[in-house]
Amino acid sequence: MANAPHFYRRLFARPSTAGLVAFLAAALAAAVYILHSEREALHVRRAEVADLMGDKAHEVENAVQHGLTATYALAALVRQGRGGVPNFEAVATEMLHYYPGADSLQLAPGGVIRQVVPLGENAKAIGHDLLADPARTKEAFLARDTGKLTLAGPFNLMQGGIGAVGRLPVYLDDEYGRSHFWGFVTVLIRFPNVLVRAQLPQLVKRGFQYELWRVHPDTGQKQVIAASSETPLVDPVDRSLNMPNGVWTMSVAPIDGWAHKEDLALKSLLGLMFSFLIGWLAKQMAELREHRHRLESLVDERTLELAARESKLAALIGSLPDLLFVLDESGRITECHSPDPSLLYLPVPNFLGRPYGDALPDGVIDKIRAALVGIARDGLRREFEYSLDVPAGARQFSASMSQLSEGSGQPAGYIALVRDVTERKLAEERMQEAMVVFDASSQGIMTAGADGVITSVNPAFQAITGYSAEEVVGQTPSMFKSGRHDQAFYQNLWSTLERVGRWEGEIWNRRKSGDIYPQWLSISAVRDSDGNLIKYVSIFSDMTRRKQREEVIWRQANFDALTGLANRNLLHDRLERSLAHSRRTKHKAGLIFLDLDGFKWINDTLGHDVGDEMLVEVASRLQGCVRSQDTVGRLGGDEFTLVVEDIDDADGLQTVAEKVLNVLRKPFVLAGANRYISGSLGITVFPDDGDDVQTLLRNADIAMYQSKQLGKNCCQFYAQDMQEAARVRVQLEGELRAAIAQQQFVLYYQPIVEAQSGRVAGAEALIRWRHPVRGLVPPNEFIGIAEDTGLIVAIGEWVLSEAVRQTRQWRQAGLPALRIAVNVSGVQFREAGLLPLVRSLCEDRQDGDFELVLEITESVLMQSSDVTEARMREIGAFGIGYSLDDFGTGYSSLSYLKRFPVGGVKIDRSFVRDCPEDRNDRLLVEAIINMAHSLALKVTAEGVETEAQRDFLRERGCDYLQGYLVSKPLPASDFERFVLDALKQ
């Protein structure tokens, strides 16, 4: 055991053992690093999946909640019908179209299901007592006792399948005004049908599996509601969904697992290669150390041999190219040798036999004396330098003096070797000057031998590249290669250097940090007097800042600062190139011009920062609609363009346009809520519609305005007749501006009467344009242009002011207080100037003067915001009412009617026109009236033209009637006579 330490030292001294130990240590370190990086990557990916789940979970909640809201409308019909719903089957069938999440609607008076729509496979539920079913009484009694909507399930349905049931209790007042429980209105939502709007299969397309599940409140077991497959998810990310009476969970996991196997394999391979390299280096170092030990042993052996040959070596000194002097113990010169007599201060005979003090100048004598004193003290060699004027001229010498010994070791005098170092000193001075320049230069300097191995670098080189001198000396310049240049580039460099002796140009190299950067490099080949290559000298400067400045200037000139898309300048260039490419390939090219619908409202109400956020998101979505070779640009504001190359026909452009419309319809999450916009697209094709950039841009713009006129949210291809239409539109816009300045407008008033009594309640103010040439122009011919150009604001201000003025004039003439309805455009309503205008019109208003009602469309409420709601309430504080115009043609959200201060709705004439003959319109009008009354809203029916329509609306409890049966729109004077005649009857 005593030899154990020696054994282990010998074992680890072996190169192979040292290499193996180093390999194992490096492999362990690489494994730890790879494990850590994989954990970090897994954490990042799970965070990304969690963000994705947030949107999908919100969509699932909205889909279920939307289906459940059908119970509120159905409950309103039950209360309206005092416990029954006439024509329940037809009404419920129509309602199911408005609530895509609902699978069936049921009435359960007393808790027993009596009516179900659709019947079909749901017939099994007829007669089922909800309050007596042990499996469902818990939720049923909870709904009855709390009076709130409850959600039961999911569970297996009696009629088959899986679903959930929303139950809303209904309470009715008896003849004594006491509220009693009537029963339930229920809505069945079936899985997975209700989840269609959430588009969960998109997760599978994106490489994810999902499960929608809950913990059963009675069994405590996991209940899967919907899943992409039956395979259990591995380590999923969960997101909770709040549902009535419970919480559901949505789980998502990648189909291929969380780990990127290819990346892990690559990292493992690199780690193994790194460990092998470390082991190999350790083995090489051990072999070098072993080789050094062998050399030291060999030197010891040869020392004895050298001592024996010392006397023989002394004889060889005479052949040296240096001056040689031998002095005896007293300092007398006994031997003198010089390869060049002109380097001696005196001839050789004059030196021999004389003390050195008599043969040399004082300055040299002092240095020799000091050297001899030092040698006598410690026996060590002494070196010194001196200058001397000799026959060859002023020269500099370097002397080395040491003591001679006899065979017995006794001192036997001194020997001095003197070398002429004049040329070396001059070279050193020049080298010193060069080194000052070398070290102080701001440019990187590198020297390399003829074999290309680096021999030196200056401080600027180290600062620019990040490498220290120790790291690069002994290496080749290939260690700096960036990979940006091919082999032909380097072949040309070396051939030029060989042929000319110099190469200069721009090159991209790599820093120690891995960054690739540009250099301006100059390489010179250095040759000796015989023309042999001895070294290379490279001088370079870092061009990074200049390149960055050039890049910034170029991007500023060619890219939009907000979205990063091509700006007008770059777009023109890309379009020119696309047209040239199409001419060569005989393919077509397309230009799509996009203008956002509703963006001005976002900008004005939510702020420019939110508007900018939307523009950035729009740019991102547009780039996803085209290929990499196509171009998306922003001309400014909310105008975008798409250049589509290499198409065979217009169908390809139609596909791209539909993609754009679809991505714009998806909600934008801005300021904490979903916001909606759309787009109007104009499309033109090269070479069919034009042969140059300006023509194509003009044609695409014309086609875009045609889309605006057709109701927006659509696309139109350019046609020749559009140019004439555009010219007419420009002319009409100019005439409309003149009309505003000259006040060429007049108001007509269409009477509105009470449905039951026929008494005149008021009128709707309708604008007409008294054109100097065309005569009386109806509003449908100029309101659209006025809204697009913003002229509607000035026109709307005139309409409001004129309607109030005329109403006060009628009041002074003895007419009763009338309810005057004025249409307000969504553009005008979003303007901040509307509130001051209403305030000024109501400043001197007296009680009973008039009742002003602003008619707004559902689109204003769809783009709802806190600003919109606040503005409505501020205007309403002046006694101004609101009516929702064209009700039923838009989104018709009950939540909007509940949130915003709307006092009435106006049934659109398209529903009234076919009443009572058309069964669907009849049921829909009846449902609108009942729903509005349940919300305490007044209902006006417009477009009433027949007595049958009037009688039908009276029987259904409609509040007001408007239409040609009552009167057509009248000038102010005729309307005044109409009211007076009605008062006399």
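Preceding this paragraph is the structure being described.
Residues numbered from 1 in each chain as written. Predicted model: local features only at pLDDT ≥ 70, side-chain atom pairs only at ≥ 80, totals over all residues. Heavy atoms only, no water.

A. Structural detail: helix H5 (residues 137-146). Three or more residues of H5 are buried, namely Thr 137, Glu 139, Ala 140 and Ala 143. The arc that holds every buried residue of H5, seen down its axis, measures 170 degrees, which confines them to one face. Opposite the packed face of H5, turned more than 90 degrees from it, sit the exposed residues Lys 138 and Asp 145. Those residues of H5 that are buried lie in contact with strand E3 (150-156), strand E4 (162-173) and strand E5 (179-191). Directly beyond the C-terminal end of H5, a positive phi value near 75 degrees is found at Gly 147. (Buried < 20%, exposed > 50% of the residue type's maximum accessible area, 1.4 Å probe, protein only. Helix = DSSP H or I, 4+ residues; strand = E, 2+ residues; numbered from the N terminus. Arc of directions from axis to C-beta. Contact = heavy atoms within 4.5 Å.)

B. Spotlight on the side chain of Ser 883. Take Ser 883: it is sitting in strand E32 (residues 881-887). Those residues in contact with Ser 883 that lie beyond four places of it in its chain are Val 853, Leu 854, Glu 855, Ile 856, Val 902, Gly 904, Val 905 and Lys 906.

C. Geometry of the nonpolar core. Formed by 76 residues in total, the largest nonpolar core has its most connected members in Phe 745 and Leu 953. The element contributing the most residues to this core is helix H24 (residues 792-812), with nine residues. Ignoring sequence-local partners within four residues, the contact set of Phe 745 consists of Leu 736, Ala 739, Ile 740, Ile 767, Arg 768, Trp 769, Arg 770, Phe 782, Ile 795 and Trp 798. Core analysis: the next-biggest nonpolar cluster, separate from the first, contains 56 residues, Val 78, Leu 105, Val 187 and Ile 189 among them. (Core = buried A, V, L, I, M, F, W, Y, C linked by side-chain atoms within 4.5 Å.)

D. Quick look at the sheet that holds strand E1 (residues 104-109). Pairing is antiparallel in the open sheet, where five strands are placed in the order E2-E1-E5-E4-E3. Bordering the open sheet on either side are strand E2 (115-117) and E3, each of which pairs with just one other strand. In this sheet, neighbouring strand axes are inclined to one another by 20 degrees on average, regardless of whether the strands run parallel or antiparallel. Note that E1 and E2 share three bridges and pair antiparallel. Its bridge partner lying in E2, Leu 105 is registered against Val 117. (Pairing = 2+ DSSP bridges. Axes fitted to C-alpha atoms, helices over the stretch in contact; angles between N-to-C directions.)

E. Structural context of helix H3 (residues 70-80). Burial analysis of H3 places eight of its 11 residues in the buried class, which makes it a mostly covered element. Within H3, burial applies to Ala 70, Thr 71, Ala 73, Leu 74, Ala 75, Ala 76, Leu 77 and Val 78. Downstream of H3 by a residue or two, Arg 82 has a phi angle that is positive, lying close to 55 degrees.

F. Structural detail: the environment of Arg 510. Mapped onto the elements of the fold, Arg 510 is located in strand E17 (residues 502-510). C-alpha separation for the pair Arg 510 and Lys 481, spaced 29 residues apart in sequence, amounts to 6.0 Å. Setting aside residues no more than four positions away along its own chain, Arg 510 makes contact with Tyr 467, Phe 480, Lys 481, Ser 482, Asp 515, Ile 516 and Tyr 517. Polar side-chain contacts of Arg 510 include one of 3.0 Å to the backbone oxygen of Ser 482. Among the polar contacts listed, one links the side chain of Arg 510 to the backbone oxygen of Gly 514, at a separation of 3.2 Å. (Polar contact = N/O pair within 3.5 Å; in protein donor to acceptor, adjacent residues only side chain to side chain.)

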